[in-house]
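Residues per chain, in single letters:
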Amino acid sequence: SREGGNRWLTWLAPAGIKKSDLQRYNFDWGKTRFIYPKDNDHCFWLFWEALTEGNSHTVIGTPGTLTDQQMNRLESAALIGKCNALILRDRASYS
């Protein structure tokens, strides 16, 4: 159900991150979904899709620099899917 505990943690992960690298943090691997986007544009659209579908309680991603319009689209998608978004950004990109 969308409201219950049957939802995923979805991570749109950079290519170098693997589940095995994070085992020491005790993730619930049964409910963690890793997706590896080709590039930042692909990450944005996968992020939007994962948020809209509503089968994740949280979607984490590193889509790169986003325009205000893209941020608004992700926010709307999170509202539609009733889930959280965690956008990881490179600090150097925003200084």
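An account of the accompanying structure is given in this report. (Residues numbered from 1 in each chain as written. Predicted model: local features only at pLDDT ≥ 70, side-chain atom pairs only at ≥ 80, totals over all residues. Heavy atoms only, no water.)

## Focus on the packing of aromatic side chains
Here's step 1: A full pass over the atoms with the stated rule returns four aromatic pairs.
Here's step 2: Ring centres of Phe34 and Tyr36 lie 6.4 Å apart, and the angle between their planes is 25°; on these two criteria the pair is classed as stacked.
Here's step 3: What makes Tyr36 partly exposed here is its relative accessible area of 35%.
Here's step 4: Aromatic pair Trp45 and Trp48: ring centres 6.2 Å apart, planes at 70°, arrangement edge-to-face. Here Trp45 pairs with Trp48, and both are found in helix α1 (residues 40-53), just three residues apart, close to one helical turn.
Here's step 5: Residue classification places Trp45 among the partly exposed positions, given a relative accessible area of 39%.
Here's step 6: Since its relative accessible area comes to 33%, Trp48 is described here as partly exposed.
Here's step 7: Ring pairs connect the aromatic residues Trp11, Phe34 and Tyr36, which therefore count as one cluster.
Here's step 8: A cation sits over an aromatic face here: Lys31 above Trp8, 5.3 Å from the ring centre. (Phe/Tyr/Trp six-rings, centres within 6.5 Å; stacked < 30°, edge-to-face > 60°. Buried < 20%, exposed > 50% of the residue type's maximum accessible area, 1.4 Å probe, protein only. Helix = DSSP H or I, 4+ residues; strand = E, 2+ residues; numbered from the N terminus. Lys NZ or Arg CZ within 6 Å of the ring centre and 35° of its normal.)

## A short note on α1
Here's step 1: Its 14 residues place the ends of α1 20 Å apart at the C-alpha level, agreeing with the 20 Å of an ideal helix rising 1.5 Å per residue.
Here's step 2: Those residues of α1 lying buried are Cys43, Phe44, Leu46, Phe47, Ala50 and Leu51.
Here's step 3: Looking at where α1 begins, the residue whose side-chain oxygen comes 3.2 Å from the main-chain nitrogen of Asp41 is Asp39.
Here's step 4: Phi turns positive, to about 75°, at Gly54, one or two residues after α1. (Expected span 1.5 Å × (residues − 1). Polar contact = N/O pair within 3.5 Å; in protein donor to acceptor, adjacent residues only side chain to side chain.)

## What to know about the pairing of strand β3 (residues 56-61)
Here's step 1: By the criterion of burial, β3 is predominantly enclosed, with five of the six residues buried.
Here's step 2: Where strand β1 (residues 8-12) and β3 come together, five bridges link them in parallel fashion. By the bridge assignment, Trp11 is partnered in β3 with Ile60.
Here's step 3: In this structure, β3 lies alongside strand β4 (residues 84-87), joined through four bridges in parallel fashion. The partner of Ile60 across the bridge, within β4, is Leu86.
Here's step 4: Between the parallel pair β3 and β4, the chain is carried across by helix α2 (residues 68-81), and the sense of this crossover is right-handed. (Pairing = 2+ DSSP bridges. Right-handed = clockwise from strand over helix to strand, strands pointing away.)

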